[in-house]
Amino acid sequence: MIKKLLIGSAMTAMTFAATAHNHASTDNAFNPDTQRIKSHLFFLADDLLEGRDTGSRGHEIAALYIATEFAKYGLKPAGTDGYIQNVSFRKANLVQESPQFSFTQNGETVEFDYPKEYLASPSLLSTEANVKGEMVFVGYGIVADELSHNDYKDLDVEGKIVVALAGKPSYFPSEEGAHFASGYQKQKYAVDHGAIGMITITTPKNEKVRPYQSRLNYIHTPRMAWLDDSGEPANSFSQLKGGAYMSEGAARKLFEGAEKSLDDVYAQLEADKVPQGFALNGVVDISKKSVHDTITSPNVVGVLEGSDPELKNEYVVFSAHSDHIGFAKTVKKDNINNGAMDNASGTSVMLETARLFSEMKEKPKRSILFVSVTGEEKGLLGADYFARNPTVPVTSMVANVNLDMPILTYEFADVIAFGANHSDLQESVEKAAANADIELSPDPWPEQALFTRSDHYAFVKQGVPSVFMVPGLKSKDPNVDGSKVFGQFLSTHYHKPSDDINQPFNWNAAETFTKVNAQIGWTLANQKNKPKWNEGDFFGNTFSK
């Protein structure tokens, strides 16, 4: 637990007095201090913190550091215990010797080999899970009325196990498709139609992107979910008793004797057609055992109160995840995943942004909420918990600006705001970036659907217009190709011990990114109207409160 002495109201009162005579900026030009950014980053990425894994002592130290900085800046505590919002998680590990998967047809039983032919994930709901039943192939297993698509049409899956293709139809828009094809949504569609289990099978396209063989590296990875007030894991479906992810060869056996073979289905995919569902023959019996632990890990929340009597009750939210992935499974001497770029850099920029606002003589009209979240690397869990258990009314959050893994190794000439095209944040961010002499560029990788893949998406799902900010790919140095720099980081350092403080950080880039970030906060906090979703936008229509 974070020491209450450092996060309580007494500490807050002291820090208000301490900051009263700080040098305050005279306008909204914003002059970030790169030495402060550097010191934050080097501390958060130090070996002492052992990779800041969710629930670890190292992450607790990081959270205490962030809470102390918030107190130093005079931010008001906005957690549930001072600056802290502790989150309880269930952590489930699969007993590797336990998975069993049999397929019986015409009196003959085939036993599939784990993990060679199928993968099983830990169960968050039960330490012993078992499902047995008949199967129905349901295509991609998606129901998307907005796209006139329903894989469950005319299929009876009540009390049965659905077999679904990984992925989504190729004609689905990238970001909307990522929503419909998410694991949670596919499980929800199955539950809504009465299924009791779910088997996912790989596809040729999926094998090119993420081969089955590569998934074997993650069989020891635990699953986590935050626990609700009744102690149950969030975003889970007790109706689904079990399932598996099948390799291509093993999955073929499930289609034997059916109206179409798996090769027939794959041929339809090759022809860019969407397979229709049908019943499969035989019965499957799937079981596994899991070990459960309960851990806690903190979000850290501070607020700078706005100056306008009315608008101060609205909040611009800055978010950045403070967790990383802890120790690497390696025999090499350096086995700490320090997470310097992911996301000590984003957290450090958020901290410096908070300091800049705290020292302004002219405070913004709206309040600004600074949220350091845990569990991003485990599935955006801390952000999801905060967005669904907010410490201010969710309807009072007017916008979220998320900072995750800014690559700060070259002087960039533009920024990217993933998701800006879904709301009028596009105009606000463009205006703010121009104030820092930086361009706003469009999403260079729309096919990656990055708008759905960081902490801001938890706020989107609560109806809050949001953007995910990163430095752009244009460099001020003509000899530097930003796209190559980004690609090199992903291939060489991402989620590896080499993501440490020995990377060639460019502190001018850190200063510029912080300046842009602060300008965005200032613009959003002072503009007359709060941000709104674009007319007819899918995410606005789906999630607006």
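Look up: the structure comes first, before these words.
As a starting point, this report considers the structure included with it. Predicted, not measured: the structure shown is a model, and the values here were computed from it.

This paragraph deals with helix H13 (residues 425-435). Turning to H13, its buried residues are Leu425, Ser428, Val429, Ala432 and Ala433. Looking straight down H13, one finds its buried side chains confined to an arc of 130°; they lie on one side. In this structure, H13 carries Glu427 and Lys431 as exposed residues pointing more than 90 degrees from its buried face. Buried-residue contacts for H13 involve strand E16 (397-403), strand E17 (414-418), strand E18 (439-441), strand E19 (466-471) and helix H16 (507-526). Looking one or two residues past H13, Asp437 carries a phi angle of roughly 60°, positive in sign.

Let us now look at helix H6 (residues 183-192). Buried within H6 are the following residues: Gln185, Lys186, Tyr189, Ala190 and Val191. In this fold, the buried residues of H6 make contact with strand E7 (143-144), strand E9 (161-165), helix H5 (174-180) and strand E10 (197-201). In the stretch just after H6, Gly194 is the one whose phi turns positive, near 95°.

So, on to the nonpolar core. Grouped together as the largest cluster of nonpolar side chains are 76 residues, with contacts concentrated most on Phe70, Phe357, Phe370, Val415 and Met469. If one sorts the elements of this core by residue count, H16 sits on top with 10 residues. Among the nonpolar cores identified, the runner-up in size contains 61 residues, and Ala190, Ile199, Phe278 and Phe451 belong to it.

A contiguous patch of negative charge on the surface is contributed by Asp46, Asp47, Glu50 and Asp334. Positionally, Glu50 belongs in the loop between helix H3 (34-44) and helix H4 (57-72).

Scanning the entire structure with this criterion turns up one cavity of 30 Å³ or more. When its volume is computed, the largest cavity comes out at roughly 30 Å³. Forming the boundary of the largest cavity are Ile407, Tyr410, Val470, Pro471, Gly472, Leu473 and Phe486. Here the residues of the lining of the largest cavity are counted per class, giving six nonpolar, one polar and no charged.

Bringing the packing of H3 against H16 into the picture now. Contact pair H3 / H16: the axes reach a minimum separation of 9 Å and the direction vectors enclose 100°. By the angle between their axes, H3 is roughly perpendicular relative to H16. Counting all contacts with H3, which are made through Thr34, Ile37, Lys38, Leu41 and Phe42, the residues of H16 involved are Trp507, Ala510, Glu511 and Thr514. A per-class count over the contact of H3 with H16 returns five nonpolar, two polar and two charged.

Of the strand pairs in this sheet, strand E3 (residues 100-105) and strand E13 (residues 278-304) are connected by five bridges, and their pairing is antiparallel. Of the residues in E13, the one forming a bridge with Phe103 is Val284. The pairing of E3 with strand E4 (residues 108-111) spans four bridges and is classified as antiparallel. In the sheet register, Thr104 faces E4, and the bridge partner there is Thr109. From the end of E3 to the start of E4, which pair antiparallel, there are two residues, and Asn106 there has a positive phi angle of about 55°.

A word on the packing of aromatic side chains. Evaluation of the coordinates by the stated rule reveals 30 aromatic pairs. Between Phe137 and Phe278, the ring centres sit 5.2 Å apart and the planes meet at 50°, which makes this aromatic pair tilted. Separated by 141 residues along the polypeptide, Phe137 in strand E6 (residues 128-137) and Phe278 in strand E13 bring together distant segments of the chain. Note on Phe137: relative accessible area 0%, which makes it buried. Where Phe172 meets Phe180, the ring centres are 6.2 Å apart and the plane angle is 70°; that geometry is what we call edge-to-face. Phe172 gets classed as buried once you look at its relative accessible area, which sits at 4%. For Phe180, a relative accessible area of 4% corresponds to the buried category. Every member of this aromatic cluster is reached through a ring pair, and the members are Tyr171, Phe172, Phe180, Phe451, Tyr457, Phe538, Phe539 and Phe543.

What follows deals with the pattern of salt bridges. This structure, assessed with the given rule, holds 15 salt bridges. Residue Lys378 is joined to Asp53 by a salt bridge in which the shortest nitrogen-to-oxygen separation is 2.6 Å. Taken as a pair, Lys378 in the loop between strand E15 (367-373) and helix H12 (381-388) and Asp53 in the loop between H3 and H4 lie far apart in primary sequence, 325 residues in all. A relative accessible area of 23% places Lys378 in the partly exposed class. The shortest N-O distance in the salt bridge between Arg355 and Glu359 comes to 3.0 Å.

Cut-off values and rules
- Residues numbered from 1 in each chain as written.
- Predicted model: local features only at pLDDT ≥ 70, side-chain atom pairs only at ≥ 80, totals over all residues.
- Heavy atoms only, no water.
- Buried < 20%, exposed > 50% of the residue type's maximum accessible area, 1.4 Å probe, protein only.
- Helix = DSSP H or I, 4+ residues; strand = E, 2+ residues; numbered from the N terminus.
- Arc of directions from axis to C-beta.
- Contact = heavy atoms within 4.5 Å.
- Core = buried A, V, L, I, M, F, W, Y, C linked by side-chain atoms within 4.5 Å.
- Patch = residues over 30% accessible without salt bridge, like charges linked within 9 Å, V, L, I, M, F, W, Y side chains within 5 Å.
- Areas by Shrake-Rupley, 256 points an atom, 1.4 Å probe, with all protein chains shown as cover.
- Salt bridge = Lys/Arg side-chain N within 4 Å of Asp/Glu carboxyl O.
- Lys, Arg positive; Asp, Glu negative; His and termini not counted.
- Charge placed at Lys NZ, Arg CZ, Asp CG, Glu CD.
- 1 Å grid on protein atoms, 1.4 Å probe; cavity = no way out; pocket = protein on both sides within 12 Å on 5 of 7 lines; lining within 4 Å.
- Points joined across faces, edges and corners; volume = space filled by probe spheres on them.
- Nonpolar A, V, L, I, M, F, W, Y, C, P; charged D, E, K, R; others polar.
- Axes fitted to C-alpha atoms, helices over the stretch in contact; angles between N-to-C directions.
- Parallel < 35°, antiparallel > 145°, perpendicular 65-115°, else oblique.
- Pairing = 2+ DSSP bridges.
- Phe/Tyr/Trp six-rings, centres within 6.5 Å; stacked < 30°, edge-to-face > 60°.

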